[in-house]
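Overview (structure and organization)
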Amino acid sequence: MSRLKLLDILVIVVSVALCSILMFLRLPGMELLGISPNWLLIWVVAWSSKRGIWQGAIAGVAMGCIYDSLTVASPSHILSLVIVGVLTSSLQKQKYIKEDFISIALIVFFMTIVAETVFALQYAWMRILPLTEVWHNYQQIAIASAILSSLWSPILCYPLALWWEKIFIQRELGIRS
């Protein structure tokens, strides 16, 4: 295995570990109404934005398993993160989506709303909480999480996108030479 491949694997593992640690940190400016950014969702968006649908789905499964292992939530986060990975991967075909700060922030904002909607529907379907309480909590959680996640997303997405673009270019040059 080449050094570049090993370095890429190291960046992936370290970035996932960092996102997992950030899920527990409550720093000033990173919390709104007791809700912090969904770092694992941001990672799934960063990963899926330049990859195929299956890779986005697999990333969603992996991050969902990590998220479930970090929390004790009864509905799983796997379904919501798989949907986020698949939807983000399918957005790459849209010509008006670019890799600038605003596009990434908007994608993360809407994907957070999608993920929280799926999670709320799971709560309602499993009847863990009364529907009125699910709806009330969903509104607060979805908007606060979407705002925070979208504001903090460029800090993670932009460096990872640059790294993976560099890796892609290196692989293309290695294949062609």
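Residues numbered from 1 in each chain as written. Predicted model: local features only at pLDDT ≥ 70, side-chain atom pairs only at ≥ 80, totals over all residues. Heavy atoms only, no water.

1. Describing the side chain of serine 48
Spelled out, the test is: Only runs of H or I of at least four residues qualify as helices and only runs of E of at least two qualify as strands under DSSP, and these elements are numbered from the N terminus. Residue contacts are counted whenever heavy atoms from the two residues lie within 4.5 Å of one another.
Relative to the assigned elements, serine 48 resides in helix α2 (residues 39-48). Among all residues touching serine 48, those that are not within four sequence positions of it are Gly56, Gly85, Thr88 and Ser89.

2. Comments concerning the environment of glycine 56
Secondary-structure assignment places glycine 56 in helix α3 (residues 53-70). Along the chain, glycine 56 and isoleucine 83 lie 27 residues apart, while their C-alpha atoms are 8.6 Å from each other.

3. Considerations on the environment of leucine 156
Put simply, the rule is: Accessible area is worked out with a 1.4 Å probe on protein chains only. A residue is then buried under 20% of its type maximum, exposed over 50%, and partly exposed in between.
Mapped onto the elements, leucine 156 comes out in helix α6 (residues 131-176). Note on leucine 156: relative accessible area 9%, which makes it buried. For the pair leucine 156 and tryptophan 43, spaced 113 residues apart in sequence, the C-alpha separation works out to 7.3 Å. With sequence-adjacent residues up to four places away left out, leucine 156 is seen in contact with Cys19, Trp39, Ile42 and Trp43.

4. Considering the packing of aromatic side chains
For any two aromatic rings, the description comes down to two numbers: the centre-to-centre distance and the angle of the planes. Note the following rule: Side-chain rings of Phe, Tyr and Trp (the six-membered ring for Trp) are treated as a pair once their centres are within 6.5 Å; stacked means planes under 30 degrees apart, edge-to-face means over 60, and tilted covers the remaining angles.
What the rule picks out here adds up to six aromatic pairs. Where tryptophan 43 meets tryptophan 164, the ring centres are 6.0 Å apart and the plane angle is 90°; that geometry is what we call edge-to-face. Placement of the pair is tryptophan 43 in helix α2 and tryptophan 164 in helix α6, with a sequence separation of 121 residues. Of the residues examined, tryptophan 43 reaches a relative accessible area of 3% and is grouped as buried.

5. Looking at the nonpolar core
Nonpolar side chains tend to gather and get buried jointly when the protein is soluble and globular. This is how it is decided: For this analysis, a nonpolar core means a set of buried residues of the types Ala, Val, Leu, Ile, Met, Phe, Trp, Tyr and Cys, connected via side-chain atoms within 4.5 Å.
The biggest cluster of nonpolar side chains holds 30 residues, and the ones touching the most others in it are Trp39, Leu41 and Trp43. The element contributing the most residues to this core is α2, with nine residues. With residues near it in sequence (within four places) discarded, leucine 41 still touches Leu81, Val84, Val108, Met111, Thr112 and Ala115.

6. Concerning the environment of leucine 33
For leucine 33, the position within the fold is in the loop between α1 (3-22) and α2. Sequence separation of leucine 33 and alanine 17 is 16 residues, and the distance between their C-alpha atoms is 25 Å.

7. Structural notes on the confidence of the model for the protein
In plain terms, the rule: pLDDT gives the predictor's per-residue confidence on a scale running from 0 to 100.
For the protein, per-residue confidence averages 84 on the pLDDT scale, and 91% of positions sit at 70 or higher. Mean pLDDT across the elements of the protein ranges from a minimum in α6, with 82, to a maximum in α2, with 93.

8. Side note on helix α4 (residues 78-91)
Which entries qualify depends on this criterion: Take the number of residues in a helix, subtract one, and multiply by 1.5 Å to get its expected span.
Taking 1.5 Å per residue as the helical rise, α4 with its 14 residues ought to reach 20 Å, and the 20 Å between its terminal C-alpha atoms agrees with that figure. For α4, the full list of buried residues reads Ser80, Leu81, Val82, Val84, Gly85, Thr88 and Ser89. Residues of α4 that are buried sit in contact with α2, α3 and α5 (101-126).

9. Examining the packing of α4 against α5
Applied cut-off: Axes here mean lines fitted to C-alpha atoms, for a helix over just the part in contact, with angles spanning 0 to 180 degrees between N-to-C directions. In this scheme the crossing of two helices becomes right-handed for a clockwise turn of the near helix relative to the far one and left-handed for an anticlockwise turn of less than a right angle. Residue classes follow a fixed rule: Ala, Val, Leu, Ile, Met, Phe, Trp, Tyr, Cys and Pro count as nonpolar, while Asp, Glu, Lys and Arg count as charged, and any other residue, Gly among them, counts as polar.
For the pair α4 and α5, the least separation of the axes is 9 Å and the interaxial angle reads 150°. Regarding α4 and α5, the two cross each other, and that crossing is right-handed. On α5, the residues that touch Leu79, Ser80, Ile83, Val84, Leu87, Thr88 and Leu91 of α4 are Ile107, Met111, Val114, Ala115, Val118 and Gln122. Looking at the contact of α4 with α5 residue by residue, the class counts come to 10 nonpolar, three polar and no charged.

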